[in-house]
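Residue-level structure breakdown
The primary structure of each chain is shown beneath.
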Amino acid sequence: MLWLEGLEIVQGDFRLAADLTVPKGARVAVIGPSGAGKSTLLGAVAGFVPEARGRIVWNGKAMGAGSPAQRPVSILFQDNNLFPHLTAFQNVGLGLRPSLRLSQDERGQVEAALTRVGLGGLGTRRPAELSGGQQGRVALARVLLRARPLLLLDEPFAALGPALKSDMLRLVAEICAETGATLLMVTHDIADARTIADQTLLVADGRVTGPFATEGLLADPPPALRDYLG
């Protein structure tokens, strides 16, 4: 279980508070108006944004001052966080060893992860030689290899077309089902929330509330969300 216990994030004049729990293995959308703090929330869980007050607790253990690398978290950003000078194989291999000094068994794991996301045989290509969807699959392969129990998505598929985005969301759902990962996914597309997340966190007016049943929240949204949805 993920517990945001009396959490408060302060960045200049910006404040965001949360006191809630997310069940282990849940797939949760994070929605709300632009600038409300959705990405900031994910950044705090990942360890990139410090907490002013409160705690972030995973399975009964406070994450504390642990660096992002020490947290049980994988995060995907809009740019997929790939290194342009490295091949797809090397970008995925970073999920196992930052030094890329991989054993034969580890190299097999990387190849298997690339095959799992439909990129078998493309490991020697660099990001610039891949389509946007293929780049996203490289990032997902790295997540699959890391096998962290918390998966955070900060709109990594926002620039993709509807069909390709649907395919990527299906892959994410399959990875979560296989690994039991807990998913928090920031999205501005309500269709995405309906597709993959049966629960939703609402970020608005300086607070994170929920999780709510996604369909129930969208059927009867509070004023802040209603204004955002239009």
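Everything here concerns the structure above.
What comes next is a walk through the structure.

**Here's the deal with the overall build of the chain**
- Each helix and strand in the chain was counted, giving eight helices and 10 strands.
- On the principal axes, the C-alpha backbone points of the chain span a range of 50 × 40 × 30 Å.
- Taken across its 230 residues, the chain has 49% of its residues classed as buried.
- Counting only contacts in the chain whose residues sit at least 6 apart along the sequence, the fraction spanning at least 24 positions is 66%.
- For the chain, the exposed area adds up to about 10,500 Å²; of that, 51% sits on carbon and sulfur atoms.

**Brief notes about helix 3 (residues 104-116)**
- Look at helix 3: 18 Å from first C-alpha to last across 13 residues, which is about the 18 Å you get at 1.5 Å a residue.
- The complete set of buried residues in helix 3 reads E106, V110, A113 and L114. Along the long axis of helix 3, the arc covered by the buried residues comes to 100°, so they all point the same way. Those residues of helix 3 that are exposed and angled more than 90 degrees off the buried face are Q104, D105 and T115.
- Next to the buried residues of helix 3 lie helix 2 (88-93) and helix 4 (132-146).

**A short note on the packing of helix 4 against helix 5 (residues 162-179)**
- Viewed as axis vectors pointing N to C, helix 4 and helix 5 meet at an angle of 5°, and their least axial separation amounts to 11 Å. Judged by the angle between their axes, helix 4 and helix 5 are roughly parallel. Residues G133, G136, R137, L140 and L144 of helix 4 touch helix 5, and the partners they reach there are L164, D167, M168, L171, V172, I175, E178 and T179.
- For the contact of helix 4 with helix 5, the residue count by class is seven nonpolar, three polar and three charged.

**Topic: the pairing of strand 6 (residues 73-76)**
- The two faces of strand 6 match: V73 and I75 on one face and S74 and L76 on the other face are all buried.
- In the sheet, strand 6 pairs with strand 7 (residues 150-154) via four bridges, with the strands oriented parallel. Counted as the bridge partner of L76 is L153 from strand 7.

**Here we look at the sheet that holds strand 5 (residues 61-62)**
- The 10 strands lie next to each other as 5-4-1-2-10-9-3-8-7-6, forming an open sheet whose pairing is mixed. At either margin of the open sheet sits one strand with a lone partner, and together these are strand 5 and strand 6.
- With respect to the sheet, helix 1 (residues 38-46) is in contact with strand 1 (2-11), strand 2 (14-22), strand 3 (27-31), strand 4 (53-58), strand 6, strand 7, strand 8 (182-186), strand 9 (199-204) and strand 10 (207-213), its orientation differing from that of strand 7 by roughly 150°.

**Considerations on the environment of Q104**
- Following the sequence through the fold, Q104 ends up in helix 3.
- Using a relative accessible area of 67% as the deciding quantity, one classes Q104 as exposed.

**Points about the nonpolar core**
- L140 and V172 are the most contacted members of the largest nonpolar core, which has 46 residues in total.
- Ranked by size, the runner-up nonpolar core spans 30 residues in total, among them A18, V49, I56 and L150.

**As for the pairing of strand 7**
- The buried fraction of strand 7 amounts to five of the five residues, a majority that puts the element mostly inside the structure.
- Alternating residues of strand 7 divide into L150, L152 and D154 and L151 and L153, and every residue in both groups is buried.
- Sheet analysis places strand 7 next to strand 8, joined by five bridges and oriented parallel. Along strand 8, the bridge assignment pairs L151 with L183.
- Crossover strand 7 to strand 8 through helix 5 is right-handed.

**Some points on the pattern of salt bridges**
- With the rule as written, the count across this model stands at 12 salt bridges.
- Residue R97 pairs with E106 through a salt bridge whose shortest N-O separation is 2.9 Å.
- Given a relative accessible area of 37%, R97 falls into the partly exposed group.
- On the basis of relative accessible area, E106 is assigned to the buried category, the value being 11%.
- Residue R194 pairs with E215 through a salt bridge whose shortest N-O separation is 3.2 Å. Of the two residues, R194 sits in helix 6 (residues 190-196) while E215 sits in helix 7 (residues 214-219), which places them 21 residues apart along the sequence.
- Look at R194 and you get partly exposed, because its relative accessible area is 43%.
- Classification of E215 by relative accessible area gives partly exposed; the value is 46%.

Basis of the calculations
- Residues numbered from 1 in each chain as written.
- Predicted model: local features only at pLDDT ≥ 70, side-chain atom pairs only at ≥ 80, totals over all residues.
- Heavy atoms only, no water.
- Helix = DSSP H or I, 4+ residues; strand = E, 2+ residues; numbered from the N terminus.
- Buried < 20%, exposed > 50% of the residue type's maximum accessible area, 1.4 Å probe, protein only.
- Contact = heavy atoms within 4.5 Å.
- Areas by Shrake-Rupley, 256 points an atom, 1.4 Å probe, with all protein chains shown as cover.
- Expected span 1.5 Å × (residues − 1).
- Arc of directions from axis to C-beta.
- Axes fitted to C-alpha atoms, helices over the stretch in contact; angles between N-to-C directions.
- Parallel < 35°, antiparallel > 145°, perpendicular 65-115°, else oblique.
- Nonpolar A, V, L, I, M, F, W, Y, C, P; charged D, E, K, R; others polar.
- Pairing = 2+ DSSP bridges.
- Core = buried A, V, L, I, M, F, W, Y, C linked by side-chain atoms within 4.5 Å.
- Right-handed = clockwise from strand over helix to strand, strands pointing away.
- Salt bridge = Lys/Arg side-chain N within 4 Å of Asp/Glu carboxyl O.

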